[in-house]
Structure formats: structure tokens, C-alpha cells
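# Structural overview
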Amino acid sequence: MGRKIDRRTVVIEGREMVAVRPADFERLDASRRQVGARSARFAR
């Protein structure tokens, strides 16, 4: 398992959002793609 993702909550134009570092975002995006691929294989 990778290291914990450091995140910060920020408010922009009245909307609460989560800010992460670019490297952490890339890790999250890669994980999302892996889960999507597994789901597609499982659905077949």
C-alpha cells in the first residue's frame, strides 16, 4: 500500500473542495482507471 495522501480542504467561490498535490492526483487517477478496468472485465 502506498503512503497516505495529504489533502487540504479549501473554499473557492463559496464551494468547498479538496486540494491534493499533482503526484497524489496521478496516483488517484491511476487507481480509478484500474478499478474501471476490473469492473469492465467483471461485467463481461
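For the structure given in this document, a descriptive report is provided here. What you see is a predicted model; the values in this text were computed from it and never measured. (Residues numbered from 1 in each chain as written. Predicted model: local features only at pLDDT ≥ 70, side-chain atom pairs only at ≥ 80, totals over all residues. Heavy atoms only, no water.)

### With respect to a nonpolar patch on the surface
To keep it simple, the criterion reads: Exposure above 30% relative accessible area and no salt bridge define the residues that can form patches, which grow by joining like charges within 9 Å and nonpolar side chains of Val, Leu, Ile, Met, Phe, Trp and Tyr within 5 Å. In this description, accessible areas are obtained by the Shrake-Rupley approach with a 1.4 Å probe, and a residue is regarded as covered only by the protein chains that are shown. Salt bridges, as used here, are contacts in which a Lys or Arg side-chain nitrogen is within 4 Å of a carboxyl oxygen on Asp or Glu. Here a strand is any run of E in DSSP of at least two residues, a helix any run of H or I of at least four, and the numbering for each starts at the N terminus. Exposure classes here rest on a 1.4 Å probe applied to the protein chains alone. A residue is buried below 20% of its type maximum, exposed above 50%, and partly exposed in between.
Judged by side-chain polarity, Val18, Val20, Phe25 and Leu28 come together as a nonpolar surface patch covering roughly 350 Å² of accessible area. Breaking the nonpolar patch down by element, the ones donating at least two residues are strand S2 (15-20) and helix H1 (22-43). On the basis of relative accessibility, which here comes to 47%, the residue phenylalanine 25 falls in the partly exposed class.

### Looking at unusual backbone geometry
Residue glutamate 13 is not a glycine yet carries a positive backbone phi of 50 degrees. Here glutamate 13 lies in the loop between strand S1 (7-12) and S2.

### Focus: the environment of isoleucine 5
Put simply, the rule is: The contact definition used throughout considers only heavy atoms, calling two residues in contact when any of these lie within 4.5 Å.
When you line up the elements, isoleucine 5 lands in the segment before S1. Remark: the alpha-carbon pair of isoleucine 5 and proline 22, spanning 17 residues in sequence, is separated by 11 Å. Setting aside anything within four residues of it in sequence, one finds isoleucine 5 in contact with Val20, Asp24, Arg27 and Leu28.

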